[in-house]
Amino acid sequence: MNAPARALLALLWALLLLGMALLVGSRLQVSGDLRLFMPAPQTADQRLLLGSLGEGPGARLWLVALTGAAPEVLADHSLALRDGLRERPEFSRVMNGEQGLEDFDETLLPYRYLLSPTFDDATLDGDYLRTQLRARVQDLGSPAAALVEPWLARDPTLELLRLAELWQPPQEPERAFGVWFGRDRNEALLLLETTAAGFDPLGQQQALKVLNDVFADSAEDVQVKLEVSGPGAFSVLMRERTQHEATRLGIVAGAVLLMLLTLAYRSLRLPLLGALPLATAALAGMAAVAALFGSVHGITLAFGVTLIGVALDYPVHLFSHHRPQLAAWTTVRDIWPTLAAGAVSTCLAYLSFLASGVEGLTQLAVFALVGLLAAALCTRFMLPALLPAAQRDLAQARLPLRLDDMLQAWRLPLFVPILLAALASVWLLLSPRPLWDDNLANLTPVPKELLDRDRELRAALGATDVRHVLVLEAADGETLLQRCEALLPALDALVDAGAVAAFEPPCRYLPSQRTQRTRQARLPDTATLAASLHAASDGLPFREGAFDPFLRDVENARAATPLSLADIEHSALASRLAALLPQGTQAPTALIGLAEVGDAAALRGFAASQGEDLHLLDMKSASEALAAAYRERVLLALLLMLAIMAAALLAFLRRPRRVLRVLLPVLLSALLVAGLLHALGVAFNLFHVVALILASGLGLDYALFFERAGAEPAERRRTLHGIVVCALSTALVFGLLASSTIPVLRAIGLTVAVGVAVNFLLAALIARSAPDAART
Amino acid sequence: MTITLLLWLAAATAAEDSALDTLLARLAQPAPASTAFLERRESALLSEPLLLRGTLHQPDADSLVRAVESPYAERTTIRAERVVVEREDGSSRRFALRNAPELAALLDSFRAVLGGDRSLLERHYRVQLDGGDEGGWRIVLTPRETRRQRRIAGIELIGRDDDLSCLVVHAGDGGISRMLLGTAAERTDEADLDAALAAHCGSDHE
């Protein structure tokens, strides 16, 4: 094939990929929901935990602080922010301490006497009304008349205002200039509740954008600073940071890679051609996942692209073995058995993920499997058509020659790496430090200073704790609310005792039907109320009949069917209650939010003393238990992976001895790398495991190619050239990642870079056949 | 012809300009300043309007205190966009000034008139002075921003010589509130309020 035809073909391929990218892109719903990478919950607590990771009382709350100006100015911004956000669909609640009737949900208006505890102690009689009406006269005479006047005919006792106060957060911060402030008044505080669940990164991102836009509109003074804290906001922040850093490092890595490959092959064309199988692999993987699962998980994508990084090695092997006077098709047929053995056994190994029962890992397996096969097939059946004739035989190049000589001279008894690996295993087993990081939060780690700030703001705002929550279960919803009400006095006592600063029970927003009926019974009938009202208005300038709507409302309240959970589905209370009354649990369950837990042991003791139906859920220990269960599954999957790989290799290589020579360096490397990382103080998580799998996959290829090369010097050098280019490029790219400040990227980068180095050395030592007669 | 007209207009505007400056200078009182008020408030809920008597007090340029003395005592303090209403029973309520546009209009007018600060006045309002007969005058303020206009359509400050005697606020929703000020407020008896409003606040009183 001549040069123009090849160029055309390459262009066609690139166009095809572009088309595929557009197609896949439209089906791509990148979600960052980490729960996809968790095992199915086994216990009720784990179910609650996974639910509340996104939707719990704390997960949708944003804590907002305005700083950098005088308190008056900050208060103005706080007011403007609330004004701007109140009507936005992205936020279900916007609170800054300002009390107003303007955003009271009118559908709840007739039920105000059933929801409010005002008349549990007081009576709606003439005396009560007289005090209230007198105050209303002054309200009408005050400059704020316009604020209350629209409500007065229906609600002369301003019951709405009392409900609005009741529904403020459980514990209020200090107020200045009418809005919430931090303790020393240098920050105005707001509490926002997003409509989007905490784990919905796109919803959270959209909400954050709206917040920033509204803030930018209102903040003419540039010195006012907006700070947003809370799990949802963090996830957006971390995602942006990670993307930003990954993009930055990706560009640098791409440039370094291009340079390395250009130098290695003295050609600019080859590196570009080498990218084609990789891009094909990524797109094929995405398309397969999108077709099978409907959407591609953001983490699947990130891990998947990492895992198929090995696809870049396939064309490199082809390039290094390509030589003058030999058709590219011949070269590819030569190396194909080895390449296929590596690809197929790696792919088969990923099948073990399917057995893990974790959806995210299943997606990952499909992605990697389809991707790697696509890359291997591209290298075998498409790439040779594009390859120009080789300019030189790399076996004659200076560097492979020297390196080959060095490796030939390198002798190390086999027992040394085996001994080292054994030592590493013992070290891993006996080390006093925990091997695993079970804190799920560390999978998407937030910088410590942000967490500290979050704790500070949470305390200042009295927002509910994200770690502890009281869980109440009952046979049905009504019993649940009644039990919740019965607990209130004891909970108040706990607040007095200092075990917790405040609590937020669902029955504060929605009383049980029994309580609502009691309140109905305490309301006077129309005749009595009309008489009281008449007596109370005596001497006050109210028009006769001005409060008829009020009489009707009370009468309606007396006759109304008490509110149930279903009735408030579309009201302003719904989002509040959804967090406290989670759906999808086996038994009806209520969560009692806790603010500033001071004495968890006292709470646990209290829960135990209240009976079987109440317990304290510690999200941290529940999540650790979950992570431990999860880890066992992953480790089982890894063992299975090893067995499958060994079987596949046996099928390809036919002799157990050859299988051993290929597998041994990979296994020893994995142990050594794990030991090394542990010695460096790394606690393992999912990211390390995935990275180690990648490193092992790469190592397997190195070992296979070393093993294939045999003793013939020229072939040995070409192989060496290919493997060195592969290892060096991988180590460089992932070494760059290791320099990242983002823990996730650092974890993957460090593990792969170290893994590749160790794998290369051990594969060269064990799988290379050169002086082995003397050694084994 | 056109040029003559323009010149005449310019001259008239300039004359009005300097007349406004003179008037503002005459009205200016250094803080602290205070003036009596008599106000009538109506509501669909009330059988008869509320007649409120008290003092408007400006302790410094940026705040205003509205102290109601009868028929009950109540003290409203505006400071830095914040309003605090304190009642006899010790209760107090706070809200943002923007929730009480009428009060904001009051503060703006007072700030500008008592402070003699024309530039402050013109920052938010278009200012027009109508000279009347026998030393009477009327300053009409129209909000510049449409957002403000939705709440306050206009403010009229009406007086004679050095004495500001009436404040009319046209709310954005069409409502009108009138307030007698200064000596006019002091001299008017509650029973004669309607007549006094007609006399001091101009002919368009219904």
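Residues numbered from 1 in each chain as written. Chains lettered and ligands numbered in written order. Predicted model: local features only at pLDDT ≥ 70, side-chain atom pairs only at ≥ 80, totals over all residues. Heavy atoms only, no water.

1. Notes on the pairing of strand E5 (residues 82–87) of chain B
All names here are of chain B. Judged by how many residues are buried, E5 sits mostly within the fold: five of six residues are covered. Pairing analysis gives six bridges linking strand E4 (residues 74–79) to E5, with the strands arranged antiparallel. Paired with Arg75 across the bridge in E5 is Glu86. Remark: four residues form the turn of the hairpin made by E5 and strand E6 (residues 92–96), two consecutive strands paired antiparallel; Gly90 in that turn has positive phi of roughly 90°. (Buried < 20%, exposed > 50% of the residue type's maximum accessible area, 1.4 Å probe, protein only. Helix = DSSP H or I, 4+ residues; strand = E, 2+ residues; numbered from the N terminus. Pairing = 2+ DSSP bridges.)

2. Some points on the state of the cysteines
Applying the stated criterion to the full structure yields two disulfides over all chains. Linked covalently through their sulfurs, A:Cys484 and A:Cys507 form a disulfide whose S-S length is 2.1 Å. Between A:Cys484 and A:Cys507 the disulfide shows an S-S torsion of about -70°. By sign, it is left-handed. Of the two residues, A:Cys484 is situated in helix H20 (residues 477–497) and A:Cys507 in the loop between strand E8 (500–504) and helix H21 (513–522); the sequence distance between them amounts to 23 residues. The pair formed by A:Cys484 and A:Cys507 is uniform in burial state, with each residue classed as buried. Between B:Cys166 and B:Cys201 runs a disulfide, and the two sulfur atoms are separated by 1.9 Å. For the disulfide bridge between B:Cys166 and B:Cys201, the dihedral angle about the S-S bond is near 105°, and by the sign convention the bridge is right-handed. Of this pair, B:Cys166 sits in strand E10 (residues 163–171) while B:Cys201 sits in helix H6 (residues 193–201), and the two are 35 residues apart along the sequence. (Disulfide = S-S within 2.5 Å.)

3. So, helix H2 (residues 101–115) of chain B
Residue and element names in this part refer to chain B. Look at H2: 20 Å from first C-alpha to last across 15 residues, which is about the 21 Å you get at 1.5 Å a residue. Summarising burial for H2: eleven of the 15 residues are buried, a large majority. Those residues of H2 lying buried are Leu103, Ala104, Ala105, Leu106, Leu107, Asp108, Ser109, Phe110, Ala112, Val113 and Leu114. Phi for Gly116, located one or two positions after H2, is positive at around 65°. (Expected span 1.5 Å × (residues − 1).)

4. Structural notes on the sheet that holds E8(A)
Sheets are built from strands that pair by backbone hydrogen bonding, the pairs being arranged parallel or antiparallel. All names here are of chain A. Pairing is antiparallel in the open sheet, where four strands are placed in the order E8-E9-E7-E10. With one partner strand each, in any of the chains shown, E8 and strand E10 (614–618) form the two edges of the open sheet. Each strand axis lies, on average, 30° off the axis of its neighbour in the sheet, ignoring direction. Inspection of the sheet shows strand E7 (residues 464–473) paired to strand E9 (residues 589–597) by six bridges, in the antiparallel sense. Within the sheet, the bridge partner assigned to Glu473 lies in E9 and is Thr589. Seen against the sheet, H20 touches E7, E8, E9 and E10 and runs at an angle of roughly 165° to E8. Each of E7, E8, E9 and E10 touches helix H25 (residues 600–610); the most contacted strand, E10, lies at about 150° to it. (Axes fitted to C-alpha atoms, helices over the stretch in contact; angles between N-to-C directions. Contact = heavy atoms within 4.5 Å.)

5. Description of helix H30 (residues 743–766) of chain A
If you check H30(A), its first and last C-alpha atoms are 34 Å apart, about what 24 residues at 1.5 Å a residue would give, namely 34 Å. Burial analysis of H30(A) places 19 of its 24 residues in the buried class, which makes it a mostly covered element.

6. Some remarks on the packing of helix H27 (residues 656–679) of chain A against H30(A)
Residues and elements named next belong to chain A. At their nearest, the axes of H27 and H30 sit 8 Å apart, and the two run at 140° to each other. The orientation of H27 with respect to H30, classified from their angle, is oblique. Here H27 and H30 pass one another in a crossing that is right-handed. Residues Arg661, Leu664, Pro665, Val666, Leu668, Ser669, Leu672, Val673, Leu676 and Leu677 of H27 lie in contact with H30, whose contacting residues are Leu750, Thr751, Val754, Gly755, Val758, Asn759, Leu762, Ala763 and Ile766. Taken together, the residues of the contact of H27 with H30 sort by class into 14 nonpolar, four polar and one charged. (Parallel < 35°, antiparallel > 145°, perpendicular 65-115°, else oblique. Left-handed = near helix turned anticlockwise from the far one by under 90°. Nonpolar A, V, L, I, M, F, W, Y, C, P; charged D, E, K, R; others polar.)

7. Side note on unusual backbone geometry
The step from B:Ser70 to B:Pro71 runs through a cis peptide bond, and the omega angle for that step is 10°. Relative to the helices and strands, B:Pro71 is located in the loop between strand E3 (63–70) and E4. At A:Leu158, a position not held by glycine, the phi torsion is positive, near 50°. Looking at the secondary structure, you find A:Leu158 in the loop between helix H7 (145–152) and helix H8 (159–166). Judged by its relative accessible area of 2%, A:Leu158 is buried.

8. A few points about the packing of aromatic side chains
Aromatic ring pairs are described here by two measures, namely the spacing of the ring centres and the angle between the planes. Residue and element names in this part refer to chain A. Applying the stated rule across the entire model yields nine aromatic pairs over all chains. Summarising the aromatic geometry, the rings of Trp62 and Phe91 are spaced 5.5 Å apart at their centres and angled 80° between planes, so their arrangement reads as edge-to-face. Of this pair, Trp62 sits in strand E1 (residues 61–67) while Phe91 sits in strand E2 (residues 91–95), and the two are 29 residues apart along the sequence. Judged by relative accessible area, Trp62 falls into the buried class, the value being 0%. Relative to Phe684, the ring of Trp436 lies with its centre 5.9 Å away and its plane at 65°, an arrangement referred to as edge-to-face. Highlighted residues: Trp436 in the loop between helix H18 (415–430) and helix H19 (448–461) and Phe684 in the loop between H27 and helix H28 (686–709), separated in sequence by 248 residues. Since its relative accessible area comes to 9%, Phe684 is described here as buried. Taken together, the aromatic side chains of Tyr113, Phe119, Tyr128 and Phe550 make up a single cluster linked through ring pairs. (Phe/Tyr/Trp six-rings, centres within 6.5 Å; stacked < 30°, edge-to-face > 60°.)

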